[in-house]
Amino acid sequence: DQALASTLKSLELKPDNPNAHSNLGGIYQELGRLAEAEAASRQALFLKPDFAGAHLLLGSILLRCGKYHEGLEESCAGSGMIIFNLITGLSIKQN
């Protein structure tokens, strides 16, 4: 898969890129490689704990793995971050 190869190559060049790790998690999820998807998503969050998209991705992966409690926690964390950013962004624009 070209997307997988490209993402792995980008991680070789810059292994501390949380976006690339999150992208890798999404690719692995699409391929059904859920253990690898979970690991990549967790690495993205290790590098950038406030990465809302990675929280949502990890939540989705965990739910697919049957880890419902943890999956819902991650999904709620990601959703909460997005809502917070929307609210604070709106209040900044209004002032």
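Above: the structure in question.
From a predicted model like this one, the values you see are computed outputs, not experimental measurements. (Residues numbered from 1 in each chain as written. Predicted model: local features only at pLDDT ≥ 70, side-chain atom pairs only at ≥ 80, totals over all residues. Heavy atoms only, no water.)

Caption draft 1: Focus on the overall build of the chain. Within the chain one finds 5 helices and 0 strands. Counting helices and strands in the order they occur from the N terminus, the chain gives α-α-α-α-α. The principal-axis extent of the C-alpha atoms belonging to the chain is close to 45 × 35 × 20 Å. Evaluated residue by residue, the chain yields a buried proportion of 34% over its 95 residues. Put simply, 40% of the contacts in the chain that link residues at least 6 apart link residues at least 24 apart. When the accessible area of the chain is evaluated, it comes to approximately 5,900 Å², of which 60% is carbon and sulfur surface. Each charge class in the chain was averaged separately, 8 positive and 10 negative side chains, and the resulting centres sit 4 Å apart. (Helix = DSSP H or I, 4+ residues; strand = E, 2+ residues; numbered from the N terminus. Buried < 20%, exposed > 50% of the residue type's maximum accessible area, 1.4 Å probe, protein only. Contact = heavy atoms within 4.5 Å. Areas by Shrake-Rupley, 256 points an atom, 1.4 Å probe, with all protein chains shown as cover. Lys, Arg positive; Asp, Glu negative; His and termini not counted. Charge placed at Lys NZ, Arg CZ, Asp CG, Glu CD.)

Caption draft 2: Molecular detail of helix H4 (residues 52-64). In this model H4 runs 19 Å from its N-terminal to its C-terminal C-alpha over 13 residues, within 8% of the 18 Å that 1.5 Å per residue would give. For H4, every residue scored as buried is listed here: Ala52, Ala54, His55, Leu57, Leu58, Gly59, Ile61 and Leu62. At the C-terminal side of H4, Gly66 shows a positive phi close to 85°. (Expected span 1.5 Å × (residues − 1).)

Caption draft 3: View of the packing of aromatic side chains. This model, assessed by the stated rule, comprises 0 aromatic pairs. Note that Lys48 overlies the ring of Phe51, its terminal NZ or CZ placed 5.4 Å from the centroid. (Phe/Tyr/Trp six-rings, centres within 6.5 Å; stacked < 30°, edge-to-face > 60°. Lys NZ or Arg CZ within 6 Å of the ring centre and 35° of its normal.)

Caption draft 4: The packing of helix H1 (residues 2-13) against helix H2 (residues 18-30), seen in detail. Packing of H1 against H2 leaves a shortest axis separation of 10 Å and a crossing angle of 155°. Taken together, the axes of H1 and H2 lie roughly antiparallel to each other. The hand of the H1/H2 crossing is left-handed. In this structure, H1 uses Ala3, Leu4, Thr7, Leu8, Ser10 and Leu11 to contact H2, whose residues at the interface are Ala20, His21, Asn23, Leu24, Ile27 and Tyr28. Each residue belonging to the contact of H1 with H2 can be placed in one class, and the counts come to 8 nonpolar, 4 polar and no charged. (Axes fitted to C-alpha atoms, helices over the stretch in contact; angles between N-to-C directions. Parallel < 35°, antiparallel > 145°, perpendicular 65-115°, else oblique. Left-handed = near helix turned anticlockwise from the far one by under 90°. Nonpolar A, V, L, I, M, F, W, Y, C, P; charged D, E, K, R; others polar.)

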